[in-house]
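Spelled out from the first residue to the last, the chains are:
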Amino acid sequence: MSDNKAASIYQQASAHGRSPVGIIVLLYDTILRDFRRALAAMKTGDIEIRVMELNHALTVIAHLQGVLNHEKGQDAARGLQRFYQVTRALVLNANVRGSKESVEQLIELYRGLRAAWHQAEQSLLGTDASASPGNATGGPEGLGTSIGRGDSSLNPRTNWSA
């Protein structure tokens, strides 16, 4: 994701009242949609769509990795850095091997982390995160960044956005 594209997304989300943490939740939603679409493509044998969706997920993950704030986030940023490194390797493996199990594992990993970020967002907004689906028991500490359930369609996109 280019810096201009990322800045544009940030500005659009901010204009719509999303907090920086809310933007991270939206990016996790995008990754989860990509994984679900890739999994659906695997089930139908559509290699082109599988590759396209997993490559887009890699782009979004790279963006999240690129905005980590290691000065403010310290341990949380280091942990997220490692998580992104490991999961990017899993995405590459799933892409090369066409492994449904790897994509299912990635969905579970990102669903859990998305839930934690969502709970952190709700805590920051002073609302009850337990009323939201996908709630986790604890949010990320330190929110080491500087800036799911969104699977409404399994159809491949022609115009990507995060």
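First, a word on scope: everything that follows refers to the structure included in this document. This one's a predicted model, so the numbers in the text were calculated from it and none came from an experiment. (Residues numbered from 1 in each chain as written. Predicted model: local features only at pLDDT ≥ 70, side-chain atom pairs only at ≥ 80, totals over all residues. Heavy atoms only, no water.)

Here we look at the overall build of the protein chain
Each helix and strand counted, the protein chain has six helices and zero strands in total. Within the protein chain, the fraction of its 162 residues that count as buried is 44%. Carbon and sulfur atoms make up 49% of the accessible area of the protein chain, which totals about 8400 Å². (Helix = DSSP H or I, 4+ residues; strand = E, 2+ residues; numbered from the N terminus. Buried < 20%, exposed > 50% of the residue type's maximum accessible area, 1.4 Å probe, protein only. Areas by Shrake-Rupley, 256 points an atom, 1.4 Å probe, with all protein chains shown as cover.)

Describing the nonpolar core
Ranked by size, the top nonpolar core spans 31 residues in total, and within it Tyr28, Ile31, Phe35, Tyr84 and Tyr110 carry the most contacts. Secondary structure elements with two or more residues in this core: helix H2 (20–44), helix H3 (47–66), helix H5 (75–97) and helix H6 (100–125). Ranked by residues supplied to this core, first place goes to H2 with twelve residues. (Core = buried A, V, L, I, M, F, W, Y, C linked by side-chain atoms within 4.5 Å.)

Overview of H2
Under the 1.5 Å per step criterion, the end-to-end length of H2 is 37 Å for 25 residues, consistent within 8% with the ideal 36 Å. For H2, the buried fraction is high: 19 of the 25 residues fall into the buried class. (Expected span 1.5 Å × (residues − 1).)

Observations concerning the packing of H3 against H5
Two elements in contact, H3 and H5, have axes whose closest approach is 10 Å; the angle formed by their N-to-C orientations is 170°. Classified by the angle their axes make, H3 and H5 are roughly antiparallel. Packed against H3, whose contacting residues are Arg50, Val51, Leu54, Asn55, Leu58, Ile61, Ala62, Leu64 and Gln65, the element H5 presents Gln81, Tyr84, Gln85, Arg88, Val91, Leu92, Ala94 and Asn95 at the interface. Split by residue class, the contact of H3 with H5 holds ten nonpolar, five polar and two charged. (Axes fitted to C-alpha atoms, helices over the stretch in contact; angles between N-to-C directions. Parallel < 35°, antiparallel > 145°, perpendicular 65-115°, else oblique. Contact = heavy atoms within 4.5 Å. Nonpolar A, V, L, I, M, F, W, Y, C, P; charged D, E, K, R; others polar.)

Some points on the packing of aromatic side chains
Within this structure, the stated rule accounts for four aromatic pairs. Taking the centre distance of 5.6 Å and the plane angle of 65° together, the rings of Phe35 and Tyr110 count as edge-to-face. Placement of the pair is Phe35 in helix H2 and Tyr110 in helix H6, with a sequence separation of 75 residues. Ring centres of Phe83 and Tyr110 lie 5.0 Å apart, and the angle between their planes is 55°; this geometry places the pair in the tilted category. Placement of Phe83 in helix H5 and of Tyr110 in helix H6 is noted, with a sequence separation of 27 residues between them. Residue Phe83 is classed as buried on the basis of its relative accessible area of 19%. Ring-pair connections join several aromatic residues into one group, and the members of that group are Tyr28, Phe35, Phe83, Tyr84 and Tyr110. (Phe/Tyr/Trp six-rings, centres within 6.5 Å; stacked < 30°, edge-to-face > 60°.)

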